[in-house]
Amino acid sequence: MTLLHTIYLLAITAEAMSGAIMGMRRGMDLFGICMLGTVTALGGGTVRDILLGNYPVGWIQHPEFLAFTAGAALVTAFVARYLHHLRMVFLLVDGLGLVAFTVIGCDVALGLGAHPAIVVLAGLITGIFGGLLRDILCNRVPMVLRRELYATVALFTGLLYMTLLWLGVSSNIASVAALVSGFLFRVLAVAFDWRLPTFNRRDIRGLD
Amino acid sequence: MTLLHTIYLLAITAEAMSGAIMGMRRGMDLFGICMLGTVTALGGGTVRDILLGNYPVGWIQHPEFLAFTAGAALVTAFVARYLHHLRMVFLLVDGLGLVAFTVIGCDVALGLGAHPAIVVLAGLITGIFGGLLRDILCNRVPMVLRRELYATVALFTGLLYMTLLWLGVSSNIASVAALVSGFLFRVLAVAFDWRLPTFNRRDIRGLD
Amino acid sequence: MTLLHTIYLLAITAEAMSGAIMGMRRGMDLFGICMLGTVTALGGGTVRDILLGNYPVGWIQHPEFLAFTAGAALVTAFVARYLHHLRMVFLLVDGLGLVAFTVIGCDVALGLGAHPAIVVLAGLITGIFGGLLRDILCNRVPMVLRRELYATVALFTGLLYMTLLWLGVSSNIASVAALVSGFLFRVLAVAFDWRLPTFNRRDIRGLD
């Protein structure tokens, strides 16, 4: 599907740029910035493929993706100072990337004949593990485990996609509907600062 | 073997609860808590299966394990405040889980016809990598590398199991003997605070 | 090729020792030290094999490598206090290991018929991921992403090796030429403190 493919390229570019900015913030050198951008962009799909045993891994079959992500990170390093008014654009493209990654991840697992629960999980992993690996390399507790409706958006998108397919909706319509709904959910979650519950230290008193 | 399977379910529940408590301590939200519980419970077996090329990975074949671990983590998040007098129970079930994971890991590698050293290592990896991944996601140096006889218990359990099999003892008896001995070793190690040697900063002077 | 094999054994010993010293610095116990040494020495090749789907993973086929690396780490723990004048030797053997790992990683990918870009990347991953995993286990931002020409040396070595092979140079000569050139590059980079550019906080103002 060409639309999904275009969105995918847009998404890995946006993720590579976000990874690059995080690398700059951590004082990484030019290699670290390119590698962090690449891991952020392609890490989710890689973890999914390894867990599913789906070889060859995506970027090994398409090494041009690496040029794409490393190039986007490299450019970001030199133009970041001019991007400060693009924060909102980043947030939107990142949200689009999240839902696109999720739908693509579901499709991969569907193609392998996986159990419906594993299909949704493959979407979730594709959506969130790039950022999770980025945060581990930056030596911090992954953002996705702490705040914002990010993983929840991926879960919602994957569940909606699977439900539509199960209801007999055509694959194209189901993926567009999941993309649009998931993206709107993400935008609303950011706009209204929706969060999942957390717990306070008193709740675990005596279990430390 | 039904006993081992029952202990396994008990063990992944205990590990998921311990992961959930760690996630609460780090201020994770409900998704992070469920994911950390699941990684703690199923991470060791997953790393083992990926290293051995043993596909499909356990929980992909049995997605119900995921419901089990995420459910245990979810419940833990809401009842943790009532669990503070259960510390000792946790420690015991965690010790049982460690030795059960080890014996199960050995069995998987045995089934693949691996070298005896790899069999013991597969047991060790199954026993300790869940907690190791949990600690990485919590942004701290893995506990298993620093303190307590934890990995040592897994190594002892695996070595004893393999020795008994090598001596011609039946698989059932060998696994029960390894479980009981390993569990006792762990309980004694905790009770008497047994530790492996560490080294002090003076020992590495000039090599920093 | 026997020369490369000898250098490989030297290299995993040196890497295991460097991992052990890092583990001692972090207050790890004897198990942690041995495991960190082993991960540092064998982690790069393991990540490469998993990404390429190249099973069985090296040390599973050759468990004697594990005895080698764990043994080197164990010995290091007890003799580290006498090694402080060997800092320069470590640095040289580590540089040799880096280029040897890179050439070996390229050879593995070549043997699988991978795309030239993936061959160079397989060399890079083999060269740097041991140290990267070591730093993650030590809870710090991987050194290779931040400073020194380390990854750059691996990239240079892999690119030179592939260029020579592409020009029709025999495999033996190409690997020796890549080893020698890469090693000299590394020595010069350390001696003159060559670095890749980093960026300052002002460059990412408004993107935090």
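For chain A, the name recorded in an unreviewed UniProt entry is Trimeric intracellular cation channel family protein, with Stutzerimonas tarimensis as its organism. Checking UniProt for chain A, the heading Sequence similarities (unreviewed entry) contains the comment "Belongs to the UPF0126 family." Its UniProt record gives chain A the following Subcellular location (unreviewed entry) comment, quoted word for word: "Cell membrane".

Caption draft 1: Geometry of the overall build of chain A. For chain A, the count of helices and strands is eight helices and zero strands. When the elements of chain A are put in sequence order from the N terminus, they spell out α-α-α-α-α-α-α-α. If one aligns the C-alpha atoms of chain A with their principal axes, the spans along those axes are about 50 × 50 × 35 Å. Burial analysis of chain A (208 residues in total) assigns 54% to the buried set. For chain A, contacts bridging at least 24 residues in sequence account for 73% of all contacts bridging at least 6. A total accessible area of about 8,600 Å² is found for chain A, and carbon and sulfur atoms account for 68% of it.

Caption draft 2: Fine view of the UniProt feature "transmembrane region" (unreviewed entry) in chain A. As annotated in UniProt, the feature "transmembrane region" (unreviewed entry) corresponds to residues 6–23, 30–53, 65–83, 90–112, 118–137, 149–167 and 173–192 of chain A in the numbering used here. Helix and strand shares over residues 149–167 of chain A are 84% and 0% respectively, and the end C-alpha atoms of the span are 26 Å apart.

Caption draft 3: Region of interest: the relation of the copies chain B and chain C. Mapping chain B onto chain C leaves a residual RMSD of 0.0 Å; the transformation is a rotation of 120 degrees accompanied by 0.0 Å of translation along its axis. This pairing of chains is accounted for by a three-fold axis. Proximity to the rotation axis, assessed at the C-alpha, singles out B:Asn139 in chain B; its C-alpha lies 3.7 Å from the axis. Comparing interface residues between copies, only 11% of those in chain B also lie at the interface in chain C; the contact surfaces differ.

Caption draft 4: Looking closely at the interface of chain B and chain C. Between chain B and chain C, the residue contacts involve 37 residues of the former and 32 residues of the latter. Where chain B meets chain C, there are zero salt bridges. Between the two partners, chain B and chain C, sit four residue pairs in polar contact (both at pLDDT 80 or more). Among the secondary structure elements, those contributing two or more residues to the side of chain B that touches chain C are α2 (30–52), α6 (116–137) and α7 (151–166) of chain B. In terms of residues, the side of chain B that touches chain C owes the most to one element, α6(B), which gives nine residues. Of the residues assigned to the side of chain B that touches chain C, the class counts are 24 nonpolar, five polar and eight charged.

Caption draft 5: Spatial organisation of the packing of aromatic side chains. Overall, the coordinates contain 21 aromatic pairs over all chains when judged by the stated rule. Counting every residue linked through ring pairs, the aromatic cluster contains A:Phe156, A:Phe185, A:Phe192 and A:Trp194.

Caption draft 6: Structural detail: the relation of the copies chain A and chain C. When chain A is fitted to chain C, the residual RMSD is 0.0 Å, and the transformation amounts to a turn of 120 degrees plus an axial shift of 0.0 Å. When the interface residues of chain A are mapped onto chain C, a mere 12% of them again fall at the interface, so the copies present different faces.

Caption draft 7: Up close: the environment of A:Leu133. By the secondary structure assignment, A:Leu133 is in helix α6 (residues 116–137). Separated by 55 residues in the primary sequence, A:Leu133 and A:Leu188 have C-alpha atoms spaced 26 Å apart.

Caption draft 8: Layout of the interface of chain A and chain C. Contact with chain A, which involves 32 residues of that partner, is made by 37 residues of chain C. At the boundary of chain A with chain C, the tally comes to zero salt bridges. In this structure, the connection of chain A to chain C is made through four residue pairs in polar contact (both at pLDDT 80 or more). With seven residues, the top contributor of residues to the side of chain A that touches chain C is helix α2 (residues 30–52) of chain A. A per-class count over the side of chain A that touches chain C returns 22 nonpolar, five polar and five charged.

Caption draft 9: The arrangement of α2(A) in detail. Residues and elements named next belong to chain A. Across its 23 residues, α2 extends 33 Å between first and last C-alpha, which sits within 8% of the 33 Å expected from 1.5 Å per residue. The largest bend in α2 comes to about 55 degrees, at Leu42. Burial analysis of α2 places 23 of its 23 residues in the buried class, the great majority of the element. A distance of 3.1 Å separates the backbone nitrogen of Phe31 from a side-chain oxygen at the start of α2, and that oxygen is part of Asp29. Immediately beyond the C-terminal end of α2, within one or two residues, lies Gly53, with a positive phi of roughly 65 degrees.

Caption draft 10: Expanded view of a nonpolar patch on the surface. Residues and elements named next belong to chain A. Together, Met88, Leu91, Leu92, Val187 and Val190 give the surface a local cluster of nonpolar side chains, amounting to about 370 Å² of exposed area. Among the elements of the structure, α5 (87–111) and α8 (171–191) are those that each provide at least two residues to the nonpolar patch. Take the nonpolar patch: its biggest share by element is three residues, from α5. Within the secondary structure, Met88 is located in helix α5.

Caption draft 11: Up close: unusual backbone geometry. All names here are of chain A. With omega at -5 degrees, the peptide bond leading from Tyr55 into Pro56 counts as cis. Non-glycine residue Asp193 carries a positive phi angle of around 55 degrees. If you trace the backbone, Asp193 turns up in the segment after α8. Taking the relative accessible area as the measure of exposure, Asp193 reaches 45% and is therefore partly exposed.

Caption draft 12: View of helix α5 (residues 87–111) of chain C. End to end, α5(C) covers 36 Å across 25 residues, agreeing with the expected 36 Å (1.5 Å per residue, within 8%). Backbone geometry just after α5(C) places C:Gly113 at a positive phi near 70 degrees.

Caption draft 13: Quick look at the environment of A:Gly95. Residue and element names in this part refer to chain A. Here Gly95 lies in helix α5. Residue Gly95 is classed as buried on the basis of its relative accessible area, which comes to 0%. For the pair Gly95 and Ala122, spaced 27 residues apart in the sequence, the C-alpha separation amounts to 18 Å. Beyond its immediate sequence surroundings of up to four residues, Gly95 is in contact with Phe183 and Arg186.

Caption draft 14: Summary view of the UniProt feature "domain: Glycine transporter" (unreviewed entry) in chain A. Residue and element names in this part refer to chain A. Mapped onto this structure's residue numbering, the UniProt feature "domain: Glycine transporter" (unreviewed entry) falls at residues 7–80 and 92–164. Taken end to end, residues 7–80 comprises 84% helix and 0% strand; its first and last C-alpha atoms sit 22 Å apart. Helix makes up 77% of residues 92–164 and strand makes up 0%, while its end C-alpha atoms are separated by 25 Å.

Caption draft 15: Region of the structure containing the pattern of salt bridges. Evaluated as defined, the whole model comprises 12 salt bridges over all chains. For A:Arg48, the salt bridge is made with A:Asp49, and the minimal N-O distance between the two is 3.1 Å.

What counts, and at which threshold
- Residues numbered from 1 in each chain as written.
- Chains lettered and ligands numbered in written order.
- Predicted model: local features only at pLDDT ≥ 70, side-chain atom pairs only at ≥ 80, totals over all residues.
- Heavy atoms only, no water.
- UniProt positions renumbered as here; feature names shortened; annotations may be inferred.
- Helix = DSSP H or I, 4+ residues; strand = E, 2+ residues; numbered from the N terminus.
- Buried < 20%, exposed > 50% of the residue type's maximum accessible area, 1.4 Å probe, protein only.
- Contact = heavy atoms within 4.5 Å.
- Areas by Shrake-Rupley, 256 points an atom, 1.4 Å probe, with all protein chains shown as cover.
- Least-squares fit on C-alpha atoms with pLDDT ≥ 70 in both.
- Salt bridge = Lys/Arg side-chain N within 4 Å of Asp/Glu carboxyl O.
- Polar contact = N/O pair within 3.5 Å; in protein donor to acceptor, adjacent residues only side chain to side chain.
- Nonpolar A, V, L, I, M, F, W, Y, C, P; charged D, E, K, R; others polar.
- Phe/Tyr/Trp six-rings, centres within 6.5 Å; stacked < 30°, edge-to-face > 60°.
- Expected span 1.5 Å × (residues − 1).
- Bend = angle between axes of the 7 residues up to and from the residue.
- Patch = residues over 30% accessible without salt bridge, like charges linked within 9 Å, V, L, I, M, F, W, Y side chains within 5 Å.

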